[in-house]
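# Understanding the architecture of this molecule
Here are the chains, one letter per residue:
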Amino acid sequence: VDSRLLFGTVSSTPDKTDVVLADGADRHVLIHAADSPISFAWSPDAKAVASVAGYAEVNVTDVQSGKTITTGSHGDVVAHYWSPQSDRVAYLVVNRDTPGTQARLRSNGHTPAEQATGGLTWYVLDVKSGSDQALVTFSPSRDMVYMLNFFDQFARSHSVWSPDGRYLTYGSTD
């Protein structure tokens, strides 16, 4: 049983967040002074952490060394998901080149106010090679918009990857 805990905490640098790895009383900062908001997730094999700070690029950090393994080449990331084999990270980017693109919810947190008009693109980052590939640009369904607003919570219980890591599932209005 892995007893390690990964959590975010206020950094010593103003308005920044540290991601801390704790094992009992032993604690060390894995990611220092990241922009907020930050999202992060263990790889399924618990050897790496994928993170996105301030909606920038996906970064994959080695848990043992604390060094960056690879970084995605696209910013404006709104969600990221590890493949079941820990070899790839799928991530969604807001396509700012599409006029009028907006995917948001009303203030109640679950009623879509507007739908994106082709504004999200799936990319897959290969952790070993560092290359990423664009898969598809799409307009998300209402359920997909809802899931993306809370993706860091849903990513723990809902996988967008097929169990064998060959396919991604997502809701689209296209």
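See the structure above.
Quick summary incoming for the structure in this document. (Residues numbered from 1 in each chain as written. Predicted model: local features only at pLDDT ≥ 70, side-chain atom pairs only at ≥ 80, totals over all residues. Heavy atoms only, no water.)

### Considering the pairing of strand β4 (residues 38–42)
Remark: a regular strand shows side chains that alternate across the two faces of the sheet. Most of β4 is tucked away, with four of its five residues classed as buried. Relative to strand β5 (residues 48–53), β4 runs antiparallel, the two being bridged by five bridges. Bridge pairing in β5 links Phe 40 to Ser 51. Here β4 folds back onto β5, and the loop between the two strands holds five residues, one of which, Ala 46, carries a positive phi near 60 degrees. (Buried < 20%, exposed > 50% of the residue type's maximum accessible area, 1.4 Å probe, protein only. Helix = DSSP H or I, 4+ residues; strand = E, 2+ residues; numbered from the N terminus. Pairing = 2+ DSSP bridges.)

### Considerations on the sheet that holds β5
As summarised here, the arrangement of the four strands in space is β4-β5-β6-β7, forming an open sheet in which the pairing is antiparallel. What marks the edges here is a single partner per strand, and that holds for β4 and β7 (68–71). When strand polarity is set aside, the average angle formed by the axes of neighbouring strands in this sheet is 20 degrees. (Axes fitted to C-alpha atoms, helices over the stretch in contact; angles between N-to-C directions.)

### Considerations on helix α1 (residues 142–149)
Since the α-helix turns once every 3.6 residues, residues separated by three or four places project in the same direction. Along α1, the residues that are buried comprise Met 144, Val 145, Met 147 and Leu 148. When α1 is viewed along its axis, its buried side chains cluster within an angular range of 165 degrees and face the same direction. In α1, the exposed positions angled more than 90 degrees off the buried face are occupied by Arg 142 and Asp 143. (Arc of directions from axis to C-beta.)

### Comments concerning the environment of Leu 125
You can see Leu 125 is positioned in strand β12 (residues 120–126). With near-sequence residues (within four places) excluded, Leu 125 lies in contact with Val 58, Val 60, Thr 70, Thr 71, Gly 72, Asp 87, Arg 88, Val 89, Tyr 91, Gly 130, Ser 131 and Asp 132. (Contact = heavy atoms within 4.5 Å.)

Take it as geometry only, folks, not as evidence of what the structure does.
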